[in-house]
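Coordinates in review
Residues per chain, in single letters:
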Amino acid sequence: MRVITRGKIALAAAATAAALVLTGCGGGAGSSGGGNSSAKSGELNLIAYSGVWQDQYTAAVIEPFKAKYPDIKINYVSKRSSAEMLSALQGQKNNPSTDVAIMDNSVSTTGNTQGLFDKIDAAAVPNLANVPEKFKNKDGFGPVVMLDAVGLLYDTATFPKPPESWNVLWDPAYAGKINVNAPPSLLGLSLTAITSKMEGEDYTKSIDKAVARLKEMAPGVQTFAPNPDEYQNVITGQTVLGLGQNARGQFYSDQSNKKMGVTFPKEGTVYQINTVNIVKDAPNKAAAQTFVDYALSADAQTAFAKALFYAPSVTNAELPANVKDRVVPTDGSLNIVPLDVEFLSSARDKWTDTWKRQIITK
């Protein structure tokens, strides 16, 4: 607020403005969108994943946050994919109703370039200091909040030993018993990059060889849009192989009494990285900063790793051995196919169209 009076009137006006920010009066905590203050009351509108992710994140992170900040109301809008979140945020661009978005970094990168997100104020989010540089956005936007990797899901009755190679997806013995999530899902995009590497191709220059190989796989795929989802399809025996994420695969493996397993094939895999982002011109920016700070705390990161096997992005989170052994390693020990998220952000639509026209045949 710009002060245009003097003396006691100016002091009174400043005090009133400060009170409004702290109490969230007149439109929610942090509605002014500036300053380094954190909100302890008001409202927060969060957009993030649906399903088991929502259930576990609510229990591990949101409920403890609400216990710590009982006067901040959280409104959770769930979406199945980051692409759906991006579409919703694009529709709000001129009049945002969302404050915080948790989504895959290949999609949040698009949001950054489109001006949908704000840079993070380190003074207002002190736990950002515990995020290593490799997990911070180089331009100051939302940092990594958790990590996972794409895995191969398999039916443990069909495969007493985990499949060692992605090539099993092309094995005619399993034709009609495979599910593959097609782009714009990150799983399909990741398989494109992995296949490109397997074919000796640089996917940033061409995916022609990968497309030709994926076309050979396509007739054996039962579904490119698993329903109800890729994990339940394997658990129920509808399919015996599929693409999935390690974290959810570990969770559902436990839930199904090890009916389903998840493994990382020898040719390598792709990180699935989620960032936490503050929406530009968020209606409740101070509350958003408070939430992001809590999401980056050691307590929140450890609790979610225990709940859903996502690897923490902060250096001060300490995991018990039985959890640490099941989250994706971030120490360089896993064979990772580097995913150029800036390139993928620009290529996503083209790759999706290529899959629709050339790979998905039914």
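I will try to describe carefully the structure that is included in this document. (Residues numbered from 1 in each chain as written. Predicted model: local features only at pLDDT ≥ 70, side-chain atom pairs only at ≥ 80, totals over all residues. Heavy atoms only, no water.)

Moving on: the packing of aromatic side chains. Taken as a whole, this structure holds 16 aromatic pairs when the rule is applied. Judged by centre distance (5.2 Å) and plane angle (75°), the rings of phenylalanine 65 and phenylalanine 291 are edge-to-face. With phenylalanine 65 in helix 2 (residues 51-68) and phenylalanine 291 in helix 9 (residues 285-295), this pair connects stretches of sequence that are 226 residues apart. Of the two residues, phenylalanine 65 and phenylalanine 291, neither departs from the other in class, the shared state being buried. Aromatic pair phenylalanine 224 and tryptophan 355: ring centres 6.3 Å apart, planes at 80°, arrangement edge-to-face. One end of the pair, phenylalanine 224, is in the loop between strand 6 (221-223) and helix 7 (230-235); the other, tryptophan 355, is in helix 12 (residues 341-359), and 131 residues separate them in sequence. In textbook terms, an aromatic cluster arises when at least three aromatic residues are bridged by ring pairs, as seen for Tyr49, Trp53, Tyr57, Phe304 and Tyr310. (Phe/Tyr/Trp six-rings, centres within 6.5 Å; stacked < 30°, edge-to-face > 60°. Helix = DSSP H or I, 4+ residues; strand = E, 2+ residues; numbered from the N terminus. Buried < 20%, exposed > 50% of the residue type's maximum accessible area, 1.4 Å probe, protein only.)

If you look at the biggest cluster of nonpolar residues, it comprises 76 residues, and the most contacted ones within it are Trp53, Tyr57, Phe291, Leu296 and Phe304. Residues in contact with tryptophan 53, not counting those within four places in the same chain, are Ala48, Tyr76, Ile102, Met146, Arg248, Asn274, Phe304, Leu308 and Tyr310. Formed by 38 residues, the second largest nonpolar core is a distinct cluster that contains Val150, Val168, Trp170 and Trp351. (Core = buried A, V, L, I, M, F, W, Y, C linked by side-chain atoms within 4.5 Å. Contact = heavy atoms within 4.5 Å.)

With respect to the helices and strands, serine 165 occurs in the loop between strand 4 (144-155) and strand 5 (178-179). Judged by its relative accessible area of 13%, serine 165 is buried. With 99 residues separating them along the chain, serine 165 and phenylalanine 264 place their C-alpha atoms 8.3 Å apart. The contacts of serine 165, once residues within four sequence positions are left out, are Leu152, Pro265, Lys266 and Glu267. Here the side chain of serine 165 touches asparagine 167 through a polar contact of 3.0 Å, landing on its backbone nitrogen. Within the local environment of serine 165, its side chain forms a polar contact with the side chain of glutamate 267, the two groups lying 2.4 Å apart. (Polar contact = N/O pair within 3.5 Å; in protein donor to acceptor, adjacent residues only side chain to side chain.)

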